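One letter stands for each residue in the lines below.
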Amino acid sequence: RRKEFRNLVSNLSSVPQNVITEQKKRVGQSPYRQQFHLESIMGQLNDPNGFSFFAGYYHLFYQSFPLKFTQNPTYFEQGWQHLKSRNLIDWQDLGQAMANDTKYDQYGVYSGSAIQANNRLFLMYTGNSWIGTNTPHWHRMPTQLGAWMDRNDCVTKLKSPLIKGRIKGYTGHFRDPKIFQKKGIYYAVIGAQKTNQKGTVLLYKSQDLLTWEKIGEVKTNFDKNMGYMCECPDYFELAHHGVLLFCPQGLNTKNNRFLNQYQACYSIGQPLNLNTGLFTGTEFNEIDQGFDFYAPQTMLTPDGRRVLIAWMSILNGNDPTVDYDYTGCLTFPRELTCDGKYLYQKPIDEIKDLAIAQLIAEKTVRQEKKIAEGRNQRDLKLTIKCGSKSIFVLDLFSDDKNSKHLRLILNAIKNRFIVNRANAGANFEDEYGTERSCAIDLSKKIQLRILQDTSSAEIFLENGKYVFTMRVFTSIEQNKIFVTSLNEATKIEYEINCLR
Ligand code: FRU
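Here the structure is a predicted model, which means the values were calculated and not measured. (Residues numbered from 1 in each chain as written. Predicted model: local features only at pLDDT ≥ 70, side-chain atom pairs only at ≥ 80, totals over all residues.)

## Topic: the sheet that holds strand E11 (residues 199-206)
Inference 1: Pairing is antiparallel across the open sheet formed by 4 strands, whose spatial order is E9-E10-E11-E12. Only two strands of the sheet have a single partner each, and these edge strands are strand E9 (170-182) and strand E12 (213-217). Between one strand and the next, the sheet's axes are offset by a mean angle of 25°, whatever the strand orientation. (Pairing = 2+ DSSP bridges. Helix = DSSP H or I, 4+ residues; strand = E, 2+ residues; numbered from the N terminus. Axes fitted to C-alpha atoms, helices over the stretch in contact; angles between N-to-C directions.)

## Re the site of the ligand
Inference 1: Taken together, 13 residues surround the ligand, and among them Gln63, Gln78, Tyr110, Ser111 and Glu231 come closest.
Inference 2: Looking at the shell around the ligand, the elements that each hand over two or more residues are strand E1 (43-54), strand E5 (109-117), E9 and strand E13 (229-238).
Inference 3: By residue class, the composition of the shell around the ligand is 3 nonpolar, 6 polar and 4 charged. (Near = placed C-beta within 6 Å. Nonpolar A, V, L, I, M, F, W, Y, C, P; charged D, E, K, R; others polar.)

## Points about the nonpolar core
Inference 1: Within the largest apolar cluster, 78 residues are counted, with the highest numbers of intra-cluster contacts made by Tyr266 and Ala310.
Inference 2: Leaving out residues up to four positions away in the same chain, Ala310 has contacts with Pro48, Ala264, Phe293, Tyr294, Ala295, Pro296, Leu330 and Thr331. (Core = buried A, V, L, I, M, F, W, Y, C linked by C-beta atoms within 7 Å. Buried ≥ 20, exposed ≤ 12 C-beta atoms within 10 Å, placed from the backbone. Contact = placed C-beta atoms within 7 Å.)

## Remarks on the domain arrangement of the protein chain
How big an interface is tends to be stated in terms of the accessible area lost upon association of its parts.
Inference 1: Domain annotation for the protein chain reports domain 1 (12-347) and domain 2 (355-499).
Inference 2: Inter-centroid distance (C-alpha atoms) of domain 1 to domain 2 is 31 Å.
Inference 3: Across the boundary between the two partners, domain 1 contributes 31 residues, which contact 30 residues of domain 2.
Inference 4: For the side of domain 1 that touches domain 2, the per-class residue count stands at 14 nonpolar, 12 polar and 5 charged. (Domains from an automatic or database assignment.)

## Digging into the UniProt feature "domain: Glycosyl hydrolase family 32 N-terminal" (unreviewed entry) in the protein chain
Inference 1: UniProt records the feature "domain: Glycosyl hydrolase family 32 N-terminal" (unreviewed entry) for residues 37-347 in the present numbering.
Inference 2: Annotated as residues 37-347, this span is 0% helix and 51% strand, and its ends, taken at the C-alpha atoms, are 12 Å apart. (UniProt positions renumbered as here; feature names shortened; annotations may be inferred.)

## Brief notes about the sheet that holds E1
Inference 1: Spatially, 5 strands are ordered E4-E3-E2-E1-E19 in an open sheet, and the strand pairing comes out mixed. Bordering the open sheet on either side are strand E4 (91-98) and strand E19 (326-327), each of which pairs with just one other strand.
Inference 2: Of the pairings in the sheet, the one linking E1 to E19 comprises 2 bridges and is parallel in character. Paired with Gln44 across the bridge in E19 is Thr327.

Printed below as a string of structure tokens:
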């Protein structure tokens, strides 16, 4: 592995205007631009960061590398781009909040989180740098850093690090602090790699946000099995349960699970012991079983809902939007609930504000039938009752002949839900497979909800107990929905909400 070290131009305002205009022009030519999902304005978007509510607004930052595709190796690496919103739907882009302009973060203002304190918003994040760059022993040097944002959205970085450097027993992979508060004390979970190359989550605490003390590793009964690195951890309490989120890298595929390159997982248990780091949680599950989901982050809304947003991708820039000099978008925000064993996700209720037309219908499905066409911005709710031998097929993003589509299958013989994107359009990342599935009892009525946008589908099955999130890159005529039922009829009731 070779790394090129260079002096980076970190401030967007010092980049020639024509470079930016050219980038934006390329982006504007893309047929894949989303309508109601947040996506990269140019270059790369990856993790959501600093998701919070402060001074009457929701704030959301994301990892942004706006000039990644200009081929100029001196343009800066990841910084934080800042958005704010009154309703989690309509967002205002406030531009770059933090650039990689200090010695601690010169190779990336990496992921982190935010918490309100004393009438300001505190940001905690990881600065990425490299040391020994002129020697064969160069290595990564992480620093946990802080910044304050005032009520005018002005961000000022702190000069002194919060947690300096590598720490004993762990490698340079030490990043992505997520802050939370309990009983007046601040805590942070931070992703880390032990010197034995195992992934873990470290727990820290602080009285004042400025001095941090290590409590230790989050100890679970699966902590030897968290891959070679855990990125982007999160911890919160929901309905008196403790919920730990983390993104293990390097898990082996197991019983049709962990098929993506990296995973985003959760475990539910007793609240985390904040003195010892002990967490007695369930065996971990994937948060989302689709192809494109990573680095989720949650926040608590003023009315007490736990809302999650994630990067709708896993790899950096491998999809067809790269041809238009951008990549990356975020999921639609999801409200989480929990029954002690599983996490349930649903699109936040604010989605109602996006609806512009509605169709409600029911059908007994046999032969192939078109049930919708027109724009692909939809919130589709279906109740499905299969016959005992039904194989019900729902094709989204279909062309006129339904020869191209994103195919969903409910197979009552095998009691399986399957989503197949092999034939959905411009293929990408097929090396990780083109099908995802889960077991489901199809002798009962099934609830299915699907959010479609120009180039994505988020599929919520059984009230969001299973979610499958994915990008699809289709041609312009793929804007229909078809249904078919093989062997036996399937009864469906559906509601199609067309979204702006
Ligand atoms: C996850 C991640 C984080 C890191 C950030 C850098 O996608 O690798 O661990 O902070 O992206 O952009």
